[in-house]
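Spelled out from the first residue to the last, the chains are:
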Amino acid sequence: MIIAVDGPSGSGKSSTARGVATRLGLSYLDTGAMYRAVTWSVLEHGLDLTDVTAVAERARAVDLGISTDPGLAHFTADGSDVTEAIRDPRISENVSKVATNLDVRKELIRRQREIIDAAQPGGGIVVEGRDIATVVATDAELKVLLTADQEARMARRKAELAAGSVTAEQLRDQIVRRDADDATVSQFEVASDGAVTIDSTHLTLEEVVDVISRLAKEAEAAPRDQES
Ligand SMILES: Nc1ncnc2c1ncn2[C@@H]1O[C@H](COP(=O)(O)OP(=O)(O)OP(=O)(O)O)[C@@H](O)[C@H]1O
Ligand SMILES: Nc1ccn([C@H]2C[C@H](O)[C@@H](COP(=O)(O)O)O2)c(=O)n1
């Protein structure tokens, strides 16, 4: 089974997808971490982020290690542990420049599909990002568009960061500006065909995990219902 979770920044995709995968015993893929790890590598090599050819070459060359265990967030790039580094504001500020490079997307989508295929014999995978239902895994059994009001998303991100570590302007940049840039290459603001929209503004994380887990069980049972 493939469960696709897409949505804007701070809507709760990572925490929810990890929670659902843990609850249902599935693998978990954070595709945003892959764009972040490529951004880390591009900066590490001192490349100009606007040099689309050099950035795409780096995306094809970098050796990425992406954990699909929902209980273990661990990412490497060319052997370096980048688990913490990819959450740095320096990466959040620049990742959209890499994620809007269409050749980078082509390469990462190819790698994401390989990871998804490898997880199938293990029971399935929860995959979260911006274009999972619409591009990466259009055959997903369950497609969720996870949303939340902009104010709620900014408040969640602020609560997550160390007090005083980002200005109001940086916070807005991480949520509002990034969504605007990312939306130029992926459609995550309105639900695609067959996707269920869940507005998490007034739901706890646990409640969102409950809803998606129930929908997943229904989706899994659906073909058997039709056969009987
Ligand atoms: N339903 C919820 N209610 C309250 N807080 C939540 C809820 N869901 C997630 N959170 C919190 O909001 C913050 C952002 O969540 P998360 O990182 O999962 O979002 P995201 O959509 O993956 O963001 P991004 O795309 O920017 O990585 C986290 O601190 C998380 O614990
Ligand atoms: N499938 C995806 C996943 C992520 N992105 C972009 C959007 C973000 O700016 C960046 C990092 O994602 P996050 O870790 O914040 O979820 O990567 C994308 O374009 N497509």
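Up top is the structure.
Residues numbered from 1 in each chain as written. Chains lettered and ligands numbered in written order. Predicted model: local features only at pLDDT ≥ 70, side-chain atom pairs only at ≥ 80, totals over all residues. Heavy atoms only, no water.

Q: Explain the sheet that holds strand β1 (residues 2-6) here, please?
A: Backbone hydrogen bonds are what pair the strands of a sheet, in a parallel or an antiparallel way. With parallel pairing, the five strands of this open sheet are ordered in space as β2-β6-β1-β7-β8. Single-partner strands in this sheet number two, and they are β2 (27-30) and β8 (196-199). Shown here is a sheet whose adjacent strand axes are inclined to one another by a mean of 20°, direction ignored. In terms of strand pairing, β1 meets strand β7 (residues 142-147) through four bridges, oriented parallel. For Ile3, the partnering residue across the bridge sits in β7 and is Leu142. Contacting β1, β2, β6 (125-129) and β7, helix α1 (residues 13-24) runs over the sheet at an angle of about 180° to β6. Seen against the sheet, helix α2 (residues 31-44) touches β2 and β6 and runs at an angle of roughly 45° to β2. (Pairing = 2+ DSSP bridges. Helix = DSSP H or I, 4+ residues; strand = E, 2+ residues; numbered from the N terminus. Axes fitted to C-alpha atoms, helices over the stretch in contact; angles between N-to-C directions. Contact = heavy atoms within 4.5 Å.)

Q: Looking at this structure, I do not really get the nonpolar core. What am I missing?
A: The nonpolar side chains of a soluble globular protein tend to be buried, and buried together. Leu29, Val38, Leu64, Val104, Ile116 and Ile125 are the most contacted members of the largest nonpolar core, which totals 38 residues. With seven residues, the top contributor of residues to this core is α2. Ile116 has contacts with Ile2, Leu29, Ile125, Val127, Val136 and Ala137, leaving out every residue within four places of it along the chain. (Core = buried A, V, L, I, M, F, W, Y, C linked by side-chain atoms within 4.5 Å. Buried < 20%, exposed > 50% of the residue type's maximum accessible area, 1.4 Å probe, protein only.)

Q: How do you make sense of the site of ligand 1 when you look at a structure like this?
A: If you check the shell around ligand 1, you find 17 residues, and the closest are Ser9, Lys13, Ser14, Ser15 and Leu203. Taking Gly12, its main chain carries an N or O atom lying 3.0 Å from an oxygen atom of ligand 1. Taking Arg178, its side chain carries an N or O atom lying 3.2 Å from an oxygen atom of ligand 1. About the coverage of ligand 1: the protein hides 80% of its 640 Å² of free accessible area. Placement of ligand 1 is best described as lying within the largest pocket. Going through the elements one at a time, α1, α7 (150-160) and α9 (205-227) are the ones with two or more residues in the shell around ligand 1. (Near = heavy atom within 4 Å. Polar contact = N/O pair within 3.5 Å; in protein donor to acceptor, adjacent residues only side chain to side chain. Areas by Shrake-Rupley, 256 points an atom, 1.4 Å probe, with all protein chains shown as cover. 1 Å grid on protein atoms, 1.4 Å probe; cavity = no way out; pocket = protein on both sides within 12 Å on 5 of 7 lines; lining within 4 Å. Sits in = over half its atoms within 2 Å of the grid points.)

Q: Honestly, the pattern of salt bridges in this entry has me stumped. Any pointers?
A: A side chain with one charge can pair with a side chain of the opposite charge if their charged atoms come near. This model, assessed by the stated rule, comprises 13 salt bridges. Between Arg105 and Asp131 there is a salt bridge; the shortest N-O distance is 2.9 Å. With Arg105 in helix α5 (residues 102-119) and Asp131 in the loop between β6 and α6 (132-136), the pair connects residues that are 26 residues apart, well separated along the chain. Judged by its relative accessible area of 8%, Arg105 falls in the buried class. Between Asp179 and Arg153 there is a salt bridge; the shortest N-O distance is 2.9 Å. Here the residue Asp179 occupies a position in helix α8 (residues 168-182), and Arg153 occupies one in helix α7, the gap between them amounting to 26 residues. By relative accessible area, Asp179 is classed as buried at 7%. Judged by relative accessible area, which is 7%, Arg153 ranks as buried. (Salt bridge = Lys/Arg side-chain N within 4 Å of Asp/Glu carboxyl O.)

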